[in-house]
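Residues per chain are reported as follows:
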Amino acid sequence: TEAIGLYNLGLSCCLNSVLQVFLMNIHFTGILRRITVPSTSAQRKNNVPYQMLLLLEKMQCGKSKAVAPTDLACCLSEHRVQLFVQHDAAHLFLTLWNLLKKQMKKPDLVKELSDLYTICIQEHVACQKCSFEIKSNSTMLTLPLPVLDANSDRLKALKDCLQYFFYPEELTGRNMCFCQQCGRKTPFLQSMKLVHLPQTLTLHLKRFCFERSSRTYKLSQYLSFPQDLDFNEILTENQCQADDSEKASWQYELFAVVAHSGSTSCGHYCAYIRSLTECKWYCFNDSEVCQVSWDDVKCTYGHSSLYW
């Protein structure tokens, strides 16, 4: 039950933060504890779920304030996850999840892992000149939310980002699509509809912007998010493709925030996580772990000169 840190192996703050979010989630560790242990030592060495389970046991059984995720890091390097480089947390989260899903042998555990994290969205495109339309469902691990609108104006709160993500977009001019019914390019209306949300919902704030010079810079503006989130109060009926029983589960409590300070080329990650057993917030800053308040968590709302 005690919060344990992870030693930095060298530019591994992003890996440490993402691992802490996985391992502090008791719904995830409940799945992890039921994996099939690989039969040979070579297989165990290169099996991500097993190495993550060993790290979890090491963190829970050890008496030190932090442990080193060395064996797991070496295992990840065998699967082309580079060490000693700066990673993006959202991309690393997706990479780890895919490796976990690929190497979990039990079909029921793979399904549980998918149910725990996978979002389902319906993309809807409709011709504005006739009745032609296309609907297609897709799954994703995170909701990638913009922090700027189409006019490059800043969105001020998480609610605004979610509403903008599901707001219909007109495809006109050079963005027009070919309509099979009209036989030519016509204006289309593109929209996203929410079909299913998982037990653990992951939101990704896209705090980066590309300039014409191909330079990427970070958007550090203030953007607030609540402790409780009810999608039924945010989205309209037209933005949802689900029945009432599905929508009844679309209420969330904030569990973790993976925060980045610095620029796109140089920075540092840490994780603020609410213990599901103790109901207390902790800051995981590599090997340093301390209990924090909600006011401390709100420091991650962002500001160009903020140091947390």
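Residues numbered from 1 in each chain as written. Predicted model: local features only at pLDDT ≥ 70, side-chain atom pairs only at ≥ 80, totals over all residues. Heavy atoms only, no water.

A. Representation of the side chain of K247 within the structure. Tracing the chain through its elements places K247 in helix α9 (residues 244-247). Residue class for K247 comes out buried when judged on its relative accessible area of 9%. Looking at K247, its side chain comes within polar contact range of the side chain of E237, at 3.1 Å. In contact with K247, not counting residues within four places along its chain, are N232, E237, C240 and A242. (Helix = DSSP H or I, 4+ residues; strand = E, 2+ residues; numbered from the N terminus. Buried < 20%, exposed > 50% of the residue type's maximum accessible area, 1.4 Å probe, protein only. Polar contact = N/O pair within 3.5 Å; in protein donor to acceptor, adjacent residues only side chain to side chain. Contact = heavy atoms within 4.5 Å.)

B. Layout of the nonpolar core. Counting 41 residues, the largest nonpolar core has F22, F28, L32 and Y117 as the members making the most contacts within it. For this core, the elements supplying multiple residues, two or more each, are α1 (13-23), α2 (26-32), α4 (48-61), α5 (70-78), α6 (89-103) and α7 (107-117). Look past the residues within four positions of L32 in its chain and what remains in contact with it is L23, P49, M52, L53, L56 and M104. Among the nonpolar cores identified, the runner-up in size contains 35 residues, and L219, I234, C270 and Y301 belong to it. (Core = buried A, V, L, I, M, F, W, Y, C linked by side-chain atoms within 4.5 Å.)

C. Quick look at the sheet that holds strand β15 (residues 256-262). Here we have 4 strands laid out as an open sheet, ordered β15-β16-β17-β18, and antiparallel in their pairing. In the strand order of this sheet, the two ends are held by β15 and β18 (288-292), each with one partner. The mean inter-strand angle of the sheet, taken between neighbouring strand axes irrespective of direction, is 25°. Strand direction decides the pairing type here: strand β16 (residues 267-274) and strand β17 (residues 281-285), joined by 4 bridges, are antiparallel. Bridge pairing links Y272 to C283 in β17. (Pairing = 2+ DSSP bridges. Axes fitted to C-alpha atoms, helices over the stretch in contact; angles between N-to-C directions.)

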